[in-house]
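Understanding the architecture of this molecule
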Amino acid sequence: MLTVESLAKSYESTAGSPRRSLARRLGGRGSGAQEDPAAPQARVFAVDGIDFEVHDGELFTLLGPSGCGKTTTLRSVAGLERPTAGRVRLGERVLFDADKGVNLRANRRGFGMVFQSYAIWPHMSVFKNVSFPLDVMPRIKRPDRREIEERVQQALEVIELGGYASRPATKLSGGQQQRLALARALVTRPELMLLDEPLSNLDAKLRESMRFELKRLQRELSLTAVYVTHDQSEALVMSNRIAVMNEGRIEQIGKPREIYTRPATRFVAEFIGTSNFIEADVLEVQGNDVVVETSQGRLVAANCPRKPAPGEKVLLSIRPESVDVSEKPHTDGTNTWSGKVRNRAFLGDAIDHITEVGDLKVRSRSNPSVSLAPGTEVHLAIAPEKVALVPVD
């Protein structure tokens, strides 16, 4: 099991404060402002004290927008970055400990890595690309030639490139090169795989098929892997668990369904999928159900993991596919509204409607056979278990 504790990576800010930066740009002219060279430089945290564990046989995804710290975290685990603080362990083996001065070199950690750039050796055959990590091992650890051939062929068979061993690596398609990079990482039989956006260079159709291919390999080989991506769909499809990162911190860790249906913060709800956000005041808490008052009346949120206090202001997060829209009134009056369709958009496999309910604009997503023209009077219904509460920022 991989354990990351209080991991932090900071850099000295080159810009300093806005006032000092402005003085630098103006060269001290005009106001006579001068930058003090002795003034302490601010520190910027790329990773700000995060904790997580990756269980054996699990694909754990670091998900977030560009600049959130996910790649820095992966590189810190790999030994390609030296963190400022924290600890990294694989089982009982300490890889990094800032307090004790331990920092095992990347080539001694024994991880398999697949990068965004496949880094295929263009002058080598498919076979030689895969065998390269074994060929350059220290002589005392290097397998003999027969074992190398067996392990390379086995890795190629697993990723379905068994018949391509003698082919020049440059003669492979993009998807095949991605699998080749994966085979090169697998051939060393690593305890942990680290994958940094390995599908981002593929076209949309190929990327979608490779998601399932990677997930199949991870499951069949019982690989333990840390996967970095900014693609929400990719994370939801492939992961056992997801850590959503923002500005160097982890906002929420959970299973894909939990992250999607029960976001812990507004950022998580906004970043993964689409949500309707509605401000409300808590009226009462009935067991695991919370009754709230919105500008358009009461709603019930069922099975809430967090119990807000009566009078607390909260934000409701409601996914568009959780809103049932119909021209007929709903028999159950719980969480029902009436309104008028203002806009609709055909998405191919679904259709979105924007319905005006008083001062609210509610987005719903349904089967494309349900297409309601703008101006149509409609009724909306939202199942209480589909209403999530997130804290007000």
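Residues numbered from 1 in each chain as written. Predicted model: local features only at pLDDT ≥ 70, side-chain atom pairs only at ≥ 80, totals over all residues. Heavy atoms only, no water.

Our next topic: the layout of surface pockets. A volume near 1,000 Å³ is recorded for the largest pocket. Lining the largest pocket are 30 residues, with Ala 106, Asn 107, Gly 110, Phe 111 and Thr 188 sitting closest to its centre. Looking at the lining of the largest pocket, the elements with two or more residues in it are helix 3 (106–109), strand 7 (112–114), helix 4 (126–135) and helix 6 (174–186). Looking at the lining of the largest pocket, the element that brings in the most residues is helix 3, giving 4 residues. (1 Å grid on protein atoms, 1.4 Å probe; cavity = no way out; pocket = protein on both sides within 12 Å on 5 of 7 lines; lining within 4 Å. Points joined across faces, edges and corners; volume = space filled by probe spheres on them. Helix = DSSP H or I, 4+ residues; strand = E, 2+ residues; numbered from the N terminus.)

With that settled, the discussion passes to the sheet that holds strand 1 (residues 2–12). With antiparallel pairing, 5 strands are arranged side by side in an open sheet as 2-1-4-5-6. At either end of the open sheet lies a strand with only one pairing partner, and these are strand 2 (43–54) and strand 6 (102–103). Sheet analysis places strand 4 (residues 85–90) next to strand 5 (residues 93–97), joined by 4 bridges and oriented antiparallel. The residue bridging Val 88 from the neighbouring strand is Phe 96, located in strand 5. Across the sheet, helix 2 (residues 70–78) lies against strand 1 and strand 2, angled at about 115° from strand 1, the strand it touches most. (Pairing = 2+ DSSP bridges. Contact = heavy atoms within 4.5 Å. Axes fitted to C-alpha atoms, helices over the stretch in contact; angles between N-to-C directions.)

Turning our attention to the packing of aromatic side chains. Tallied over the entire structure, the rule returns 3 aromatic pairs. Measuring from ring centre to ring centre gives 5.1 Å for Phe 52 and Phe 60, while their planes differ by 10°; the resulting arrangement is stacked. Among the residues examined, Phe 60 registers a relative accessible area of 0% and is labelled buried. With a centroid separation of 5.3 Å and 50° between ring planes, the pair formed by Trp 121 and Phe 132 is classed as tilted. Of this pair, Trp 121 sits in the loop between strand 7 and helix 4 while Phe 132 sits in helix 4, placing them 11 residues apart in sequence. Exposure remark for Trp 121: the relative accessible area of 34% places this residue in the partly exposed category. The positively charged end of Arg 266 is found above the aromatic ring belonging to Phe 277, 4.5 Å away from the centroid. (Phe/Tyr/Trp six-rings, centres within 6.5 Å; stacked < 30°, edge-to-face > 60°. Buried < 20%, exposed > 50% of the residue type's maximum accessible area, 1.4 Å probe, protein only. Lys NZ or Arg CZ within 6 Å of the ring centre and 35° of its normal.)

The next subject is the packing of helix 4 against helix 6. Here helix 4 crosses helix 6 at 35°, and the two axes come no closer than 7 Å. Here helix 4 runs over helix 6; the crossing is right-handed. Touching Val 126, Asn 129, Val 130 and Pro 133 of helix 4 are Leu 180, Ala 183 and Arg 184, all from helix 6. Tallied by class, residues from the contact of helix 4 with helix 6 come to 5 nonpolar, 1 polar and 1 charged. (Left-handed = near helix turned anticlockwise from the far one by under 90°. Nonpolar A, V, L, I, M, F, W, Y, C, P; charged D, E, K, R; others polar.)

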